[in-house]
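Residues per chain are reported as follows:
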Amino acid sequence: MSVTDSHWTAFAACGSAGSERVEPDDLFVEGKAQRDARAVCQSCLVRLECLADALDCRMNFGVWGGMTERERRALLRKRPDVESWKDELLGLDDVRDAARLG
């Protein structure tokens, strides 16, 4: 990883920068094994970026941002009006920060 690398994947808990190396296949599991895969995401610094990317790109398989494919499909069905999950999820901090300032 380059020190100047600013893409969110460089900081993902499941990537080489994470404290424990997770094999990619470990995130593409079924059934009860998904619980373990989701646990990797819980302390990840870029969890929301990962989830937003998976939702925007309609990732059909694997655990991304702490959500399984089934959970992501349900969210997409529930919120078909969202055009950019990146704006929706990552804008949350900006809204909270603006409310504190104003």
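Nothing here was measured: the structure is a model prediction, and the numbers come from that model.

Student: For this particular structure, what's the right way to read the overall build of the protein chain?
Tutor: Helix and strand counts for the protein chain come out as four helices and zero strands. Walking the protein chain from its N terminus toward its C terminus, one meets helices and strands in the order α-α-α-α. For the protein chain, restricting intrachain contacts to residue pairs at least 6 apart in sequence, the fraction spanning at least 24 positions comes to 46%. As displayed, the protein chain has an accessible area near 7,400 Å², and 51% of this comes from carbon and sulfur atoms.

Student: Help me out: how do you make sense of the packing of aromatic side chains in this one?
Tutor: Remark: the centre distance and the inter-plane angle together describe each pair of aromatic rings, the angle taken between the planes. According to the stated counting rule, one finds one aromatic pair in the structure shown. Judged by centre distance (6.1 Å) and plane angle (80 degrees), the ring pair of Phe28 and Trp64 falls under edge-to-face. Taken together, the residues Phe28 in the segment before helix H1 (33–42) and Trp64 in the loop between helix H2 (47–56) and helix H3 (69–78) connect sequence positions 36 residues apart.

Student: Would you mind going over unusual backbone geometry with me for this structure?
Tutor: Backbone geometry follows two general trends: most residues other than glycine have a negative phi, and most peptide bonds adopt the trans configuration. The backbone of Arg58 shows a phi angle near 55 degrees, a positive value even though the residue is not glycine. As for its placement among the helices and strands, Arg58 is situated in the loop between H2 and H3.

Student: Is there a simple way to explain the pattern of salt bridges in this structure?
Tutor: Oppositely charged side chains can pair when the atoms bearing their charge come close. In the structure shown here, the tally under the stated rule is three salt bridges. Between Asp81 and Arg79 there is a salt bridge, with the nearest N and O atoms lying 3.6 Å from each other. A salt bridge links Arg79 to Glu88; the nearest nitrogen and oxygen atoms lie 2.9 Å apart. Accessibility expressed as a relative area gives 29% for Arg79, which makes it partly exposed. A residue is classified by how much of its surface remains accessible, and Glu88, at 32% relative accessible area, is partly exposed.

Student: In this structure, what is going on with the nonpolar core? I would like to understand it.
Tutor: Grouped burial of nonpolar side chains is what soluble globular proteins tend to show. With seven residues, the main nonpolar core is built from Leu51, Ala52, Leu55, Met67, Val82, Trp85 and Leu89. Only H2 and helix H4 (85–101) provide two or more residues apiece to this core. The greatest single-element share of this core, amounting to three residues, is contributed by H2. Once you skip the residues sitting within four places of it in the chain, Leu89 turns out to touch Leu48, Leu51, Ala52 and Leu55.

Student: In this structure, what is going on with the environment of Cys57? I would like to understand it.
Tutor: Along the polypeptide, Cys57 turns up in the loop between H2 and H3. Taking the C-alpha atoms as reference points, Cys57 and Trp85, 28 residues apart in sequence, are found 9.6 Å from one another.

Student: Looking at this model, I keep getting lost on the packing of H2 against H3. Mind explaining?
Tutor: For any two helices packed against each other, one specifies the crossing angle of their axes together with the interaxial distance. Relative to each other, H2 and H3 sit at 70 degrees, their axes nearing to 11 Å. Between H2 and H3, the crossing angle belongs to the class labelled roughly perpendicular. The way H2 lies across H3 gives a crossing that is right-handed. For the pair formed by H2 and H3, the contact residues are Leu51, Ala54 and Leu55 on the first element and Arg72, Leu75 and Leu76 on the second. In terms of residue class, the contact of H2 with H3 is built from five nonpolar, no polar and one charged.

Student: Looking at this structure, how should I read the confidence of the model for the protein chain?
Tutor: Low pLDDT marks stretches whose predicted atomic positions should not be read closely. The pLDDT averaged across the protein chain works out to 81; a share of 77% of its residues lies at or above 70. Predicted confidence for residues 95–102 stays below pLDDT 50, and this span has zero contacts to residues more than four positions away or in other chains.

Cut-offs used in this document
Residues numbered from 1 in each chain as written. Predicted model: local features only at pLDDT ≥ 70, side-chain atom pairs only at ≥ 80, totals over all residues. Heavy atoms only, no water. Helix = DSSP H or I, 4+ residues; strand = E, 2+ residues; numbered from the N terminus. Contact = heavy atoms within 4.5 Å. Areas by Shrake-Rupley, 256 points an atom, 1.4 Å probe, with all protein chains shown as cover. Phe/Tyr/Trp six-rings, centres within 6.5 Å; stacked < 30°, edge-to-face > 60°. Salt bridge = Lys/Arg side-chain N within 4 Å of Asp/Glu carboxyl O. Buried < 20%, exposed > 50% of the residue type's maximum accessible area, 1.4 Å probe, protein only. Core = buried A, V, L, I, M, F, W, Y, C linked by side-chain atoms within 4.5 Å. Axes fitted to C-alpha atoms, helices over the stretch in contact; angles between N-to-C directions. Parallel < 35°, antiparallel > 145°, perpendicular 65-115°, else oblique. Left-handed = near helix turned anticlockwise from the far one by under 90°. Nonpolar A, V, L, I, M, F, W, Y, C, P; charged D, E, K, R; others polar. pLDDT = per-residue confidence, 0-100.

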